[in-house]
Amino acid sequence: MDAHEIIKSLTQELVDKNAHLSVNKAQTWIELLWSDFESTYAKAGYDYRGAEYTEKIIRQWITSYGDKIHEFAGRNPKYAHLLDVDEDTTLQ
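Residues numbered from 1 in each chain as written. Predicted model: local features only at pLDDT ≥ 70, side-chain atom pairs only at ≥ 80, totals over all residues. Heavy atoms only, no water.

S.K.: Would you mind going over the side chain of Thr-54 with me for this structure?
M.R.: Here Thr-54 shows up in helix H3 (residues 51-65). You can call Thr-54 buried: its relative accessible area is 2%. Setting aside residues up to four positions removed in sequence, Thr-54 forms contacts with Trp-34, Phe-37 and Glu-38. (Helix = DSSP H or I, 4+ residues; strand = E, 2+ residues; numbered from the N terminus. Buried < 20%, exposed > 50% of the residue type's maximum accessible area, 1.4 Å probe, protein only. Contact = heavy atoms within 4.5 Å.)

The following block contains the structure:
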């Protein structure tokens, strides 16, 4: 599975876990988490372990925090723009 397919799969998992997120917002979150994880991991001096490892970590985060991720964004101005409701609608 290529990175695009992995992002799409993780996005759907997040949408299924959190009815407050649209598909576009969920994808934005997945891309943000992916990028932040890989850059933080690299800055810490760890060797790159591949997309499969990043996918595993993000999947764990979705399981643990996916239903509450929109609450985090509301408390953090850096991510507040992810809650704009005029962009699109939520599923369900």
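Picking up after the structure, the text goes on.
S.K.: How do you make sense of empty space enclosed by the protein when you look at a structure like this?
M.R.: Where empty space is left can be seen by rolling a probe of water-molecule size over the atoms. Following the criterion strictly, the structure yields 1 cavity of 30 Å³ or more and no others. If you go around the largest cavity, the residues you meet are Phe-37, Glu-38, Tyr-41, Tyr-48, Arg-49, Gly-50, Tyr-53 and Thr-54. Among the secondary structure elements, those contributing two or more residues to the lining of the largest cavity are helix H2 (23-43) and H3. Ranked by the residues each element gives to the lining of the largest cavity, the list is headed by H2, at 3 residues. (1 Å grid on protein atoms, 1.4 Å probe; cavity = no way out; pocket = protein on both sides within 12 Å on 5 of 7 lines; lining within 4 Å. Points joined across faces, edges and corners; volume = space filled by probe spheres on them.)

S.K.: Explanation requested: H3 in the structure shown.
M.R.: Think of an α-helix as turning once every 3.6 residues; residues three or four places apart then point the same way. End to end, H3 covers 20 Å across 15 residues, agreeing with the expected 21 Å (1.5 Å per residue, within 8%). Taken together, the buried positions of H3 are Thr-54, Glu-55, Ile-57, Ile-58 and Ile-62. All buried residues of H3 project into a common sector of 165 degrees when viewed along the axis, lining one side. The exposed set on the far side of H3, more than 90 degrees from its buried face, consists of Glu-52 and Thr-63. Packing partners of the buried residues in H3 comprise helix H1 (3-17) and H2. (Expected span 1.5 Å × (residues − 1). Arc of directions from axis to C-beta.)

S.K.: In this structure, what is going on with the pattern of salt bridges? I would like to understand it.
M.R.: Here the idea is simple: oppositely charged side chains can pair when their charged atoms come close. According to the stated counting rule, one finds 3 salt bridges in the structure shown. Residue Glu-13 pairs with Arg-59 through a salt bridge whose shortest N-O separation is 2.6 Å. Taken together, the residues span a long stretch of sequence, with Glu-13 in helix H1 and Arg-59 in helix H3 at a distance of 46 residues. A relative accessible area of 27% means that Arg-59 is categorised as partly exposed. Ionic pairing is found between Glu-55 and Arg-59, a salt bridge with its closest N-O pair at 3.0 Å. With Glu-55 and Arg-59 both in helix H3 and 4 residues apart, this pair spans about one turn of that helix. What emerges from the salt-bridge pattern is a single network uniting Glu-13, Glu-55 and Arg-59. (Salt bridge = Lys/Arg side-chain N within 4 Å of Asp/Glu carboxyl O.)

None of the figures reported here should be taken as evidence of function without further support.
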